[in-house]
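Analysis of the macromolecular model
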Amino acid sequence: MSALLSVERLEAGYEPGLSIVRGASIHADKGEIVVILGPNGAGKSSLIKAIAGLVPVSGGRVVLAGEDITAVPAHLKIRKGLAFVPQTENVFTLMSVEENLRVAAGVFGDRQVAAHIEEMFALFPDLARQRRLMAGSLSGGQRQMLACARALIVKPGVLMLDEPSAGLSPKFVEQVFARLVEIRASGVTIVLVEQNARAALAIGDRAYVLVEGREAHEGPARSLWDDPLIAELYLGHRKEGAA
Amino acid sequence: MSLQFLLDGLISGAMIGLGAIGVTLTYSILRFSNFAHGDLMAWGAYAALVAVGALGAIAGGPMAIGALSFGLPLILSTLFAMVFTAGLALLLDWLLFARLRARGQAIIVVMASFGASMALRNLLEFLFSSSPAYYSRALQVAQPIGSGIRITPDQVALLVMTAALVTGMHLFLTRSQRGREMRAYSQNPALARVTGIDVARVVRATWVIGAALAAAAGVMVGTLVQIRPLMGLDLLLPMFAAAILGGIGSVPGAVLAGLIIGLSEAAAVMFVGAEWRAAVAFVILMSVLLVKPTGLFGVTER
């Protein structure tokens, strides 16, 4: 099966000549949950931001459904079907929950905005109850749900998330990840950058370990978790399971 | 004691508030203090002066409506001035600000706006001289409305225009997709981009709206006071004070703060002395920055 999202030898960084992503290659097939793990400073967030168009790319390419989208500006990537949920500041805090969804649903002049918003409220019932509330007053877990709904409302083929578990209590992490499994079940491919290796590998199909800006290991999620060397070096746990 | 100063303050506050909308939008969306904003106001006033002269010549007079000093020619000329000034702002952005913004250093853009301000102002003096000009030389009789307050028909009409423009602007920002995009971009540019919001479109809308409202404020000043190349510069400090007092990015805040500053200036003239008028905006600006930098309606980002 050819990959839905394919990243080939990507080089990217904020300053010219100072690459943070150094030749990373990853791919995600349709309906997969692909997890990107790695130590701090490995370039995980920069890789996903470069794919989204927020970090300048200096080499390599990003191919989505057979189309090279490397040079497509960030605001047009979502039109191609590539959605991104940043780690922090991922909702418009001074807008209501409903306005967050409305502004996202309306960017392409779609006339079915109200219907799309109701679809998202059906998918995330907690948000429906808080539709008039300012997004800035939501709890961390609810913000993540809103951020996901904001990204999903335009029905992307690929949803990329940068550490959705960051700053959340274990209960909310469980809820967010359970929701990601449901989103995948609806046919959306998920690329997940995570520090919380245990939670991410539990729902992931395949995983990459990124080291110094490029993938050092790739394999089925379960086998990476079970690999003692990788677990100890990069994932912050020993094979025996002691954290 | 005459309460006339309250009306005078309200009128000058409306002019300041209308101009401050552009300042607050430019600051919150384009992330720089545009010191040329006052000169866009002056260019708007002069554009309307040229248009009203041409239309008046064709119509054979100002075609005054009722007790007003102006008629259809000035109304059409105001619309022309709003379009012209919006075009001028877009040209200025394309020629100057967009190129400097791309370098990512806000202070360079601010300094460039000082230069643009001087160039625009001197060009106006060169084209029209520094002598004051007027849309109409018709005398207006102020009508008493009680409590010792008198108001002219022009003042009533222009206050109604201000209220309509501010209400329209508020509805645009809260009810339209483009308005929501502008608010979204001002809150979080990176998130706006990945949400699919076209930055170039937001930037264009910001210039068009800010400049068009500046032109309307310029015509208001020109109608009620006089038209001079320095008219925008004189209002620059009060406009910045209003934008900051209202809370950067808040349109209702800018308008309310404009009214507060207008009323404070008028009160200073009444109770302290006319020479202190110019100091009022400065005192308010410094006090807000020291005590509550987020202003009346500004919110600290969470």
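Residues numbered from 1 in each chain as written. Chains lettered and ligands numbered in written order. Predicted model: local features only at pLDDT ≥ 70, side-chain atom pairs only at ≥ 80, totals over all residues. Heavy atoms only, no water.

1. With respect to the overall build of chain A
Where we set the bar: Each helix is a run of H or I in the DSSP string that is no shorter than four residues. Each strand is a run of E no shorter than two, and both are numbered from the N terminus. For the radius of gyration, the atom set is restricted to C-alpha positions; the globular benchmark scales as 2.2 Å times the number of residues to the power 0.38. Every residue pair with non-hydrogen atoms within 4.5 Å of one another is taken to be in contact. Per-residue and other accessible areas follow the Shrake-Rupley method at a 1.4 Å probe size, with only the shown protein chains counted as cover for residues. Counted as positive: Lys and Arg. Counted as negative: Asp and Glu, with His and the chain ends omitted from the count. Just so you know, the charge point we use is NZ for Lys, CZ for Arg, CG for Asp and CD for Glu.
Regarding its fold elements, chain A presents ten helices and ten strands. Relative to a compact globule of 243 residues, whose C-alpha radius of gyration would be 18 Å, chain A shows 18 Å and is just as compact. Overall, the C-alpha framework of chain A stretches about 50 × 40 × 35 Å when taken along its three principal axes. Counting contacts in chain A only where the partners sit at least 6 residues apart, residues at least 24 apart contribute 66% of the total. Carbon together with sulfur atoms contributes 52% to the accessible area of chain A, which is approximately 10,400 Å² in total. Separation between the mean location of the 26 positive side-chain charges and that of the 27 negative ones in chain A comes to 4 Å.

2. Considering unusual backbone geometry
The residue A:A65 is not glycine, and still its phi comes out positive at about 50°. Counting through the fold element by element, A:A65 comes out in the loop between β4 (57-64) and β5 (67-68).

3. Points about the packing of aromatic side chains
We describe a pair of aromatic rings using the distance from one ring centre to the other and the angle between the two ring planes. What counts is decided by this rule: Whether two aromatic rings pair depends on their centres lying within 6.5 Å, for rings of Phe, Tyr and Trp, where Trp uses its six-membered ring; planes under 30 degrees apart make the pair stacked, over 60 edge-to-face, and the rest tilted. We count a charge as sitting over a ring when the NZ of a lysine or the CZ of an arginine lies within 6 Å of the ring centre and within 35 degrees of the ring normal.
Taken as a whole and judged by the stated rule, the model has nine aromatic pairs over all chains. Plain terms: the ring middles of B:F35 and B:F240 are 4.9 Å apart, the flat faces sit at 20° to each other, and that makes the pair stacked. Of this pair, B:F35 sits in the loop between α1 (4-30) and α2 (37-59) while B:F240 sits in helix α9 (residues 231-246); the two residues are 205 residues apart in sequence, bridging distant segments of the chain. One aromatic cluster is present, built from ring pairs that chain together B:F32, B:F97 and B:W207. Cation over ring: A:K171 sits above A:F172, and NZ or CZ is 5.3 Å from the ring centre. One Lys or Arg, B:R99, reaches over the ring of B:W94 and ends 5.3 Å from the middle of that ring.

4. A few points about the pairing of strand β6 (residues 82-85) of chain A
All names here are of chain A. Rule in force here: Here's how the labels work: a residue is buried when its accessible area is under 20% of the maximum for its type, exposed when over 50%, partly exposed in between, all with a 1.4 Å probe on protein chains only. Any two strands with at least two DSSP bridges between them are considered paired.
Residues of β6 alternate between two faces, with L82 and F84 on one and A83 and V85 on the opposite face, all of them buried. Direction of pairing for β6 relative to strand β7 (residues 158-162): parallel, over a ladder of four bridges. Each bridged residue has a counterpart across the sheet, and for A83 the counterpart in β7 is L159.

5. A short note on the interface of chain A and chain B
Operational definition: The term buried area refers to how much accessible surface (probe radius 1.4 Å) is lost by two components on association, counted for both of them together. Salt bridges are defined as contacts in which a side-chain nitrogen from Lys or Arg sits within 4 Å of a carboxyl oxygen from Asp or Glu.
Contact with chain A, which involves 25 residues of that partner, is made by 21 residues of chain B. With both sides pooled, the region where chain A packs onto chain B buries about 2,100 Å², and carbon together with sulfur makes up 58% of that total. The three residues of chain A that bury the most area against chain B are A:H75, A:F92 and A:L94, which together make up 29% of that side's buried surface. Linking chain A to chain B there are one salt bridge.

6. Regarding the environment of B:G179
All names here are of chain B. On the secondary structure map, G179 appears in helix α6 (residues 177-187). In this structure, the C-alpha to C-alpha distance between G179 and I284, residues 105 residues apart in sequence, is 29 Å. Those residues in contact with G179 that lie beyond four places of it in its chain are F172 and L173.

7. Examining the confidence of the model for chain B
So the rule is basically this: Residue-level confidence of the predictor is what pLDDT reports, using numbers from 0 through 100.
Per-chain confidence: chain B averages 91 in pLDDT, with 98% of residues scoring 70 or above. The weakest mean pLDDT in chain B belongs to strand β1 (residues 143-146) of chain B at 85; the strongest belongs to helix α3 (residues 72-101) of chain B at 95.

8. Let's talk about the environment of A:A149
Residues and elements named next belong to chain A. Mapped onto the fold, A149 is located in helix α6 (residues 140-152). A relative accessible area of 0% means that A149 is categorised as buried. Residues A149 and Q112, 37 residues apart in the sequence, show an inter-C-alpha distance of 16 Å.

9. Side note on the side chain of A:D162
All names here are of chain A. Relative to the helices and strands, D162 resides in strand β7. An unpaired buried charge is present at D162: no salt bridge exists, and K49, the closest side chain of opposite charge, is 4.9 Å distant. Not counting residues within four places of it along the chain, the set of residues in contact with D162 comprises S45, I48, K49, F84, V85, P86, Q87 and V193.

10. Some remarks on the sheet that holds strand β10 (residues 214-220) of chain A
All names here are of chain A. Note the following rule: Axis definition: a line fit to C-alpha positions, over the contact stretch in the case of helices; interaxial angles, taken between N-to-C directions, run 0 to 180 degrees.
An order of β6-β7-β8-β3-β9-β10 is seen for the six strands of this open sheet, with the pairing classed as mixed. If you trace the sheet from one side to the other, it starts and ends with β6 and β10, each paired once. Shown here is a sheet whose adjacent strand axes are inclined to one another by a mean of 20°, direction ignored. Sheet topology note: the strand β3 (residues 33-37)/strand β8 (residues 189-193) ladder contains four bridges and is parallel. Counterpart to I33 in the pairing with β8 is I190. Lying over the sheet, helix α1 (residues 44-52) contacts β3, β6, β7, β8 and β9 (206-211), oriented at roughly 145° with respect to β7.

11. Quick notes on the sheet that holds β5(A)
Hydrogen bonds along the backbone pair up the strands of a sheet, which may run parallel or antiparallel. Residue and element names in this part refer to chain A. If you trace the four strands from one edge of the open sheet to the other, you get β2-β1-β4-β5, paired in antiparallel fashion. What marks the edges here is a single partner per strand, and that holds for β2 (21-28) and β5. Relative to β4, strand β1 (residues 5-12) runs antiparallel, the two sharing six bridges. Residue pairing across strands places L5 opposite L64, the latter belonging to β4.

12. Looking at the packing of α1(B) against helix α10 (residues 251-271) of chain B
Residue and element names in this part refer to chain B. Applied cut-off: By convention the crossing between two helices is left-handed if the near helix lies anticlockwise of the far one by an angle smaller than a right angle, and right-handed if it lies clockwise. Residues are grouped as follows: nonpolar covers Ala, Val, Leu, Ile, Met, Phe, Trp, Tyr, Cys and Pro; charged covers Asp, Glu, Lys and Arg; every other residue, Gly included, is treated as polar.
Between α1 and α10, whose axes approach to 6 Å, the crossing angle comes to 145°. Seen along the crossing, α1 lies across α10 with a hand that is right-handed. Of the residues belonging to the contact of α1 with α10, the class tally is 18 nonpolar, seven polar and two charged.

13. Examining the pattern of salt bridges
It is possible for side chains bearing opposite charge to pair when their charged atoms get close. In total, this model carries 21 salt bridges over all chains according to the counting rule given. The partner of B:D39 in a salt bridge is B:R121, and the shortest N-O contact between them spans 3.4 Å. Here B:R121 lies in helix α4 (residues 106-128) and B:D39 lies in helix α2, a separation of 82 residues in the sequence. Taken together, the salt bridges that share partners define one network made up of A:E98, A:R102, A:E118, A:R131 and A:R132.

14. So, a nonpolar patch on the surface
For the record, the criterion: Two joining distances apply to patches: 9 Å for like charges and 5 Å for nonpolar side chains (Val, Leu, Ile, Met, Phe, Trp, Tyr), and every residue must have over 30% relative accessible area and no salt bridge.
A cluster of nonpolar side chains, namely B:M63, B:I65, B:L72, B:I75, B:L76 and B:L79, defines an oily patch on the protein surface of about 520 Å² accessible area. Of note, B:L79 is situated in helix α3.

15. Looking at the pairing of β4(A)
Taken together, the two bridges between β4(A) and β5(A) define a ladder with antiparallel strand orientation. Directly across from A:V63, in β5(A), lies its bridge partner A:D68.

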